[in-house]
Number of protein chains: 2
Amino acid sequence: MKDIHIGLLGLGNIGKGVYRILETNENPIQNHIGANLKIQKILVRDIHKSRDIDVAQELLTEDAYEIINDPKIDMIVEVLGGIHPPYEYIKESLQNKKHVVTANKAVIATHGEELLKIAKENGVELRYEASVGGGIPIINTLTQSLSANQIDEMVGIINGTTNYILTQMAESGMDFDDALKLAQQKGYAEADPTSDIEGEDVAFKLSILISTAFGIQIPPENIPRAGITKISKQDIEYASQLGYKIKLLAVAKKQDNDFEFHVHPTLIPTHHPLASVSNEFNALFVRGNAVGELMLYGKGAGSMPTGSAVVGDMIEISKIMGTNYQCGAPVVGDKSTLNLIGEGSSQYYLHIQVIDKPGVLGRIATTFGKYGISLESVVQRTRGEASVPLVFITHEVDRSRLNQALEEIQSDEMIQGIKSILRVENL
Amino acid sequence: MKDIHIGLLGLGNIGKGVYRILETNENPIQNHIGANLKIQKILVRDIHKSRDIDVAQELLTEDAYEIINDPKIDMIVEVLGGIHPPYEYIKESLQNKKHVVTANKAVIATHGEELLKIAKENGVELRYEASVGGGIPIINTLTQSLSANQIDEMVGIINGTTNYILTQMAESGMDFDDALKLAQQKGYAEADPTSDIEGEDVAFKLSILISTAFGIQIPPENIPRAGITKISKQDIEYASQLGYKIKLLAVAKKQDNDFEFHVHPTLIPTHHPLASVSNEFNALFVRGNAVGELMLYGKGAGSMPTGSAVVGDMIEISKIMGTNYQCGAPVVGDKSTLNLIGEGSSQYYLHIQVIDKPGVLGRIATTFGKYGISLESVVQRTRGEASVPLVFITHEVDRSRLNQALEEIQSDEMIQGIKSILRVENL
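Residues numbered from 1 in each chain as written. Chains lettered and ligands numbered in written order. Predicted model: local features only at pLDDT ≥ 70, side-chain atom pairs only at ≥ 80, totals over all residues.

Per the secondary structure count, chain A includes 14 helices and 17 strands. Radius of gyration (C-alpha) of chain A: 24 Å, near the 22 Å computed for a compact globule of 427 residues. Seen along its three principal axes, the alpha-carbon backbone of chain A occupies a region of about 80 × 50 × 35 Å. (Helix = DSSP H or I, 4+ residues; strand = E, 2+ residues; numbered from the N terminus. Rg over C-alpha atoms; globule rule 2.2 N^0.38 Å.)

Counting residues in hydrophobic clusters, the biggest one holds 260 residues, and the most contacted among them are A:Val77, A:Val310, B:Val77 and B:Val310. Setting aside chain neighbours within four positions, we find A:Val310 in contact with A:Ile14, A:Val18, A:Val77, A:Val79, A:Val101, A:Ala103 and A:Ala130. (Core = buried A, V, L, I, M, F, W, Y, C linked by C-beta atoms within 7 Å. Buried ≥ 20, exposed ≤ 12 C-beta atoms within 10 Å, placed from the backbone. Contact = placed C-beta atoms within 7 Å.)

All names here are of chain B. Pairing of strand β1 (residues 2-9) with strand β2 (residues 35-43), which is carried by eight bridges, proceeds in the parallel orientation. Pairing of histidine 5 across the sheet is with lysine 38, part of β2. Sheet analysis places β1 next to strand β4 (residues 75-78), joined by four bridges and oriented parallel. In the strand pairing of β4, leucine 8 is matched with valine 77. (Pairing = 2+ DSSP bridges.)

Moving on, we get to the domain arrangement of chain A. Domains assigned within chain A are domain 1 (2-135 + 303-331), domain 2 (138-299) and domain 3 (345-424). With centres defined by C-alpha atoms, the gap from domain 1 of chain A to domain 3 of chain A works out at 52 Å. (Domains from an automatic or database assignment.)

A separate point is unusual backbone geometry. Residues and elements named next belong to chain A. Cis geometry is found at the peptide bond from histidine 84 to proline 85, where omega equals 5°. Following the sequence through the fold, proline 85 ends up in the loop between β4 (75-78) and α4 (86-95). Phi is positive for lysine 97, close to 60°, though the residue is something other than glycine. Assignment of secondary structure puts lysine 97 in the loop between α4 and β5 (99-102). In this structure lysine 97 comes out as exposed when scored by C-beta crowding, with 12 C-beta atoms within 10 Å.

You can overlay chain B on chain A at an RMSD of 0.0 Å; the transform is a turn of 180° with a shift of 0.0 Å along its axis. What the rotation and shift describe, once combined, is the action of a two-fold rotation axis. Every residue of chain B has its C-alpha some distance from the rotation axis, and the shortest such distance is that of B:Leu296, at 2.4 Å. Comparing contact sets, 100% of the residues at the interface of chain B also lie at the interface in chain A, consistent with an isologous, same-surface contact. (Least-squares fit on C-alpha atoms with pLDDT ≥ 70 in both.)

On to the interface of chain B and chain A. With 46 residues of chain B in contact, the opposing surface of chain A contributes 46 residues. In terms of residues, the side of chain B that touches chain A owes the most to one element, helix α12 (residues 303-320) of chain B, which gives nine residues. Looking at the side of chain B that touches chain A residue by residue, the class counts come to 21 nonpolar, 22 polar and three charged. The pairing of strand β11 (residues 292-299) of chain A with strand β11 (residues 292-299) of chain B spans five bridges and is classified as antiparallel. Along β11(B), the bridge assignment pairs A:Leu296 with B:Leu296. (Nonpolar A, V, L, I, M, F, W, Y, C, P; charged D, E, K, R; others polar.)

Its place among the elements puts B:Leu116 in helix α5 (residues 105-121). A C-alpha to C-alpha distance of 28 Å links B:Leu116 and B:Arg20, two positions 96 residues apart in sequence.

Okay, helix α1 (residues 13-24) of chain B next. Its 12 residues place the ends of α1(B) 17 Å apart at the C-alpha level, agreeing with the 16 Å of an ideal helix rising 1.5 Å per residue. Along its buried surface, α1(B) packs onto β1, α2 (26-33), β2, β4 and α12 of chain B. (Expected span 1.5 Å × (residues − 1).)

With that settled, consider the sheet that holds β5(A). Residues and elements named next belong to chain A. Strand order in the open sheet formed by six strands is β3-β2-β1-β4-β5-β6, with parallel pairing between adjacent strands. What marks the edges here is a single partner per strand, and that holds for β3 (60-61) and β6 (126-127). With four bridges joining them, β4 and β5 adopt parallel strand pairing. Pairing of glutamate 78 across the sheet is with threonine 102, part of β5.

To continue, consider the confidence of the model for chain A. Overall, the prediction assigns chain A a mean pLDDT of 95, with 98% of residues at 70 or greater. Among the prediction metrics, the complex's ipTM stands at 0.94, with pTM recorded as 0.95. (pLDDT = per-residue confidence, 0-100.)

Turning to the environment of B:Lys335, a few remarks are in order. Mapped onto the elements, B:Lys335 comes out in the loop between α12 and β12 (339-342). Sequence separation between B:Lys335 and B:Phe259 is 76 residues; the distance between their C-alpha atoms is 9.6 Å.

In a packed pair of helices, the relevant descriptors are the angle between the two axes and the axis-to-axis distance. All names here are of chain B. It is at 10 Å that the axes of α2 and α12 come closest, and there the two elements cross at 30°. Note that α2 runs across α12; the crossing there is right-handed. Of α12, the residues touching α2 (which contributes Ile29, His32 and Ile33) are Ile315, Ser318 and Lys319. Looking at the contact of α2 with α12 residue by residue, the class counts come to three nonpolar, two polar and one charged. (Axes fitted to C-alpha atoms, helices over the stretch in contact; angles between N-to-C directions. Left-handed = near helix turned anticlockwise from the far one by under 90°.)

What follows deals with α4(A). All names here are of chain A. If you check which residues of α4 are buried, you get Pro86, Tyr87, Tyr89, Ile90, Ser93 and Leu94. Seen end-on, α4 carries its buried residues on one side only, within an arc spanning 165°. The secondary structure elements touched by the buried residues of α4 are β1 (2-9), α3 (64-68), β4, β5, α5 (105-121) and β6. Residue lysine 97 follows α4 closely and has a positive phi angle near 60°. (Arc of directions from axis to C-beta.)

This part takes up the pairing of strand β9 (residues 258-269) of chain A. Residues and elements named next belong to chain A. Most of β9 sits out of view: nine of its 12 residues are buried. Looking at chain direction, strand β8 (residues 244-255) and β9 are connected through 12 bridges and run antiparallel. Bridging from a neighbouring strand, alanine 250 pairs with valine 263 of β9. Between β8 and the antiparallel strand that follows it, β9, lie two residues; aspartate 256 among them carries a positive phi value of about 50°. In terms of strand pairing, β9 meets strand β12 (residues 339-342) through three bridges, oriented parallel. Along β12, the bridge assignment pairs phenylalanine 259 with leucine 340. When β9 meets strand β17 (residues 415-424), the two strands line up parallel, connected through two bridges.

Glancing now at the sheet that holds β1(B). In spatial order, the strands read β3-β2-β1-β4-β5-β6 (chain B); together these six strands make up an open sheet with parallel pairing. Looking at the sheet topology across the chains shown, the edges are occupied by β3 (60-61) and β6 (126-127) of chain B.

Attention shifts here to the packing of α1(B) against α12(B). Residues and elements named next belong to chain B. Relative to each other, α1 and α12 sit at 65°, their axes nearing to 8 Å. The angle between α1 and α12 falls in the class roughly perpendicular. Handedness of the crossing formed by α1 with α12: right-handed. Across the interface between the two elements, Asn13, Ile14, Lys16, Gly17, Val18, Arg20, Ile21 and Leu22 from α1 touch Ser303, Met304, Thr306, Gly307, Ser308, Val310 and Val311 from α12. The residue inventory of the contact of α1 with α12, partitioned by class, reads seven nonpolar, six polar and two charged. (Parallel < 35°, antiparallel > 145°, perpendicular 65-115°, else oblique.)

If you want it as structure tokens, here you go:
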């Protein structure tokens, strides 16, 4: 049986998953492609470090170029993480006419367009299924199965860390700090959780989803976003009483030529399938103009699930090696025809803390009315205390107009503070 | 731009969806494949029939062989339904070296292995994504995205008609007959609903899923199955009180060498993602040894969703036309190494109607004990009537042993009847 020679860049969490899958599922993989996926060399930081995986010492190297420049190696698997040097490694591998599989969301979100072009020029493949949603086949579904569709809407829960934290807050009544600590203990959050909890990780992934589904490039830093650090137990409880759950959502919507895209903690109706995506699970909800509603659900991170997507890509590439077929890059869209509206308008959930005196609700409602903001529901939760929460769900409104109204409301002496402003998606 | 010439066999519900998608999404499809999918000829039963779709009269023919034997046609799209003559049409098209896309579950379930072999021998593709789960990318996910996995378990809600009926029974308290009538009014059930409500349709699809995921052929008629006609409002209510929903499930499980496969109305826990798959929606839950739990959810039928899958397949084939790449048939598995246990053992829900006298529960429990059947829960629902229901959930037991115990229980004069025996999957 023919060997396909693999260079593995990285033997961390995902790298080990890839290694284990190739070992455990060697027979079915060989049956599938009629060839053997043989790891030729593995890049690690320290070849002498002790590892919880049984890998022959002679496979390891600390020199990336021993792999990237090895003419015998057919395919590079990049599972290092971070933008530099993985970007350079991927680029030079493609230029050396090696196929590349990567799980690196940061590189694909920031340099994907350029790298896909280089891959095409060099007649090799660059695949990145594992970069969004771990083991869930999101990229394949968008580029292949849904290719007969125009995508109208994508709404995703694509960060396991924050979904775990929000689930724990909702189900165990923990506050944010305790839920974060628990997530760290369980290995669902990193020691420095900033990128996850501030929504940066989701913005990287949404940028990839947008370029894959709509063919346009929105740099991650241009995606309006908010993290989950300001979500309180009270918000989750009030939302629940109103029939909603709070999830950190990545949203991209195309309506005529208006294109909306953003990352926010958002209230979604309890009965929607996305609302039952709990703990570390991820899901992408897609609406296409032919297929209608579709949802993909599974493990968005972890050694084996992410490894499953990486090895899936390796197998797809192996199947076309030696043929003159190219999967090719996703369609290039035309941003110039789209009106990029970013956040767009939305319904909002507002928690306003007020002094419990007659007339306060009337004064707030009057101010909203003055700015043309109508209210879907108002709930006053407790009574008999000096300070009480008022909870509002507005109808659809622009954020800038909402801010003007809230500024005026805040200047009223009976208003103690605007505690929360959260988007509501009535999916 | 190059034309790819399509012969469409059938202009019913799915055929119209295909036609409309090619029209509506012409531009993005052309961008994607760099060619034009041009319908050359359409087979219909009566070319003079009036239709709710605007198709040029000269495209229509009543002679299948005008299409199948036309050397200009590159690809046949079969959306007729039924086994004969579609089987013959597909076979001859492949022998004429035309690629084939079909939505025909009956043909693929009964002749798929042979047809895939003929496709391979003739260097053409046979794709059938639309045959299971309508627009949901189930086949692509199993054959491509999950190719790094060994599949351990598949549990699917893959019939929209029965899921709609069961949802209406649960949510509106309808009985089976009324829910079926409503489904027929809404177009979710056919005038003759037998194949759907008796589980035959699901058995066809499960046979395809098994051959796709496990590489082995189990003829649909060898799949143990039960339909939903005997499910009562009471069963749904009792199940709900115990924390379960009743769904018609297609199940295939591999544990070591034991292979279990069957179609039954089944109790599943309310918190499981499959439990929230409502109305006409379908979903497939898959467990792979690398990816872990994965669920695909969407519309399992309908003109446009099913058309989405058909056109997706047409695009995939178009992309490889003119290259020497073959997607090829799924892996051929080895049935001889598997122990085909069909139904296997299960937990069971039992509704036994008894005379309300002291000691009756003890007598039943004693008989279960005699046959080594232990009980997870027992609920006596009403009191103060001569006849009361007893509801049991057993621990795992073989159906044959359960039947022996129930036969003995039934012979007791205090037992008025065994009203329901349903499987329970504690997913």
